[in-house]
Amino acid sequence: MKNVQFHFDFGSPNAYLAHKVIPAIEQRTGVRFDYVPVLLGGVFKMTGNQSPATAFAGIKNKPDYDRIEMRRFIARHGLESFRMNPHFPVNTLQIMRGAVAAQVAGVSEAYIGEVFADMWERGQKMDDPDVLRARLDAAGLPAQELIRLSQTDEIKATLLRNTEDSVARGTFGSPTFFVGDEIFFGKDRLREVEEEIVKTA
């Protein structure tokens, strides 16, 4: 079985939607996705890319169509808990460093689930340090340790390396998936991701 990776940033609503669909793919295929935290702002800077909200702001009809496709995806997968974050866009540097710290602390799955929910279900302002600490405490996560770790040079360097390596492999946004060396971009490619997993099993 080839390694399957999900390169993500909490600031992407489409990354959240993909995250919610991944468990069903894992159940059907028996594969476990490896979650790789990357900093989307860094990806954009390295590739000259922009967020869709900025890149397509002046294009007639495309933003409206993108919203239609998002509604269809949400309905197809029963993701009615999704809410656009009222504080969007949120600076994700701290919570992405936190994702790396959570891997080191052995609480990655719980951290990712809670932070995605805080961002795209509960509408929390997750770039506010007080809000972040309170939400981690409420989730029963080791807030003090995660925040301490996220401020270390090792964690900062790991997130930067993740981001640089991801871009070197072809990433230009989030969510991005790799099945072995095959790259797939966007939540709407999850069917192709699953097909590639099955093909290479």
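Residues numbered from 1 in each chain as written. Predicted model: local features only at pLDDT ≥ 70, side-chain atom pairs only at ≥ 80, totals over all residues. Heavy atoms only, no water.

J.: Any chance you could break down the overall build of the chain for me, citing the residues and the numbers?
T.: The helix and strand inventory of the chain stands at 10 helices and 4 strands. The C-alpha radius of gyration of the chain comes to 16 Å, within 12% of the 17 Å expected for a compact globule of 201 residues. Seen along its three principal axes, the alpha-carbon backbone of the chain occupies a region of about 40 × 40 × 35 Å. In the chain, which comprises 201 residues, the share counted as buried stands at 45%. Counting contacts in the chain only where the partners sit at least 6 residues apart, residues at least 24 apart contribute 73% of the total. Summed over all atoms, the accessible surface of the chain reaches about 10400 Å², with 49% contributed by carbon and sulfur. Put simply, the chain has 25 plus and 27 minus side-chain charges, and the middle of one group is 4 Å from the middle of the other. (Helix = DSSP H or I, 4+ residues; strand = E, 2+ residues; numbered from the N terminus. Rg over C-alpha atoms; globule rule 2.2 N^0.38 Å. Buried < 20%, exposed > 50% of the residue type's maximum accessible area, 1.4 Å probe, protein only. Contact = heavy atoms within 4.5 Å. Areas by Shrake-Rupley, 256 points an atom, 1.4 Å probe, with all protein chains shown as cover. Lys, Arg positive; Asp, Glu negative; His and termini not counted. Charge placed at Lys NZ, Arg CZ, Asp CG, Glu CD.)

J.: Kindly report on helix H2 (residues 40-47), identifying the contributing residues and their values.
T.: If you check which residues of H2 are buried, you get Leu40, Gly42, Val43 and Phe44. In this structure, the buried residues of H2 make contact with helix H9 (153-168).

J.: Tell me about the nonpolar core, residues and numbers included.
T.: Judged by nonpolar contacts, the single largest core of 47 residues is most densely connected at Phe6, Phe8, Phe10, Phe33, Tyr111 and Phe177. If one sorts the elements of this core by residue count, helix H1 (residues 13-29) sits on top with 7 residues. Setting aside anything within four residues of it in sequence, one finds phenylalanine 33 in contact with Val4, Phe6, Ile22, Ile25, Glu26, Phe177, Val193 and Ile197. Ranked by size, the runner-up nonpolar core spans 6 residues in total, among them Val38, Leu40, Phe44 and Val167. (Core = buried A, V, L, I, M, F, W, Y, C linked by side-chain atoms within 4.5 Å.)

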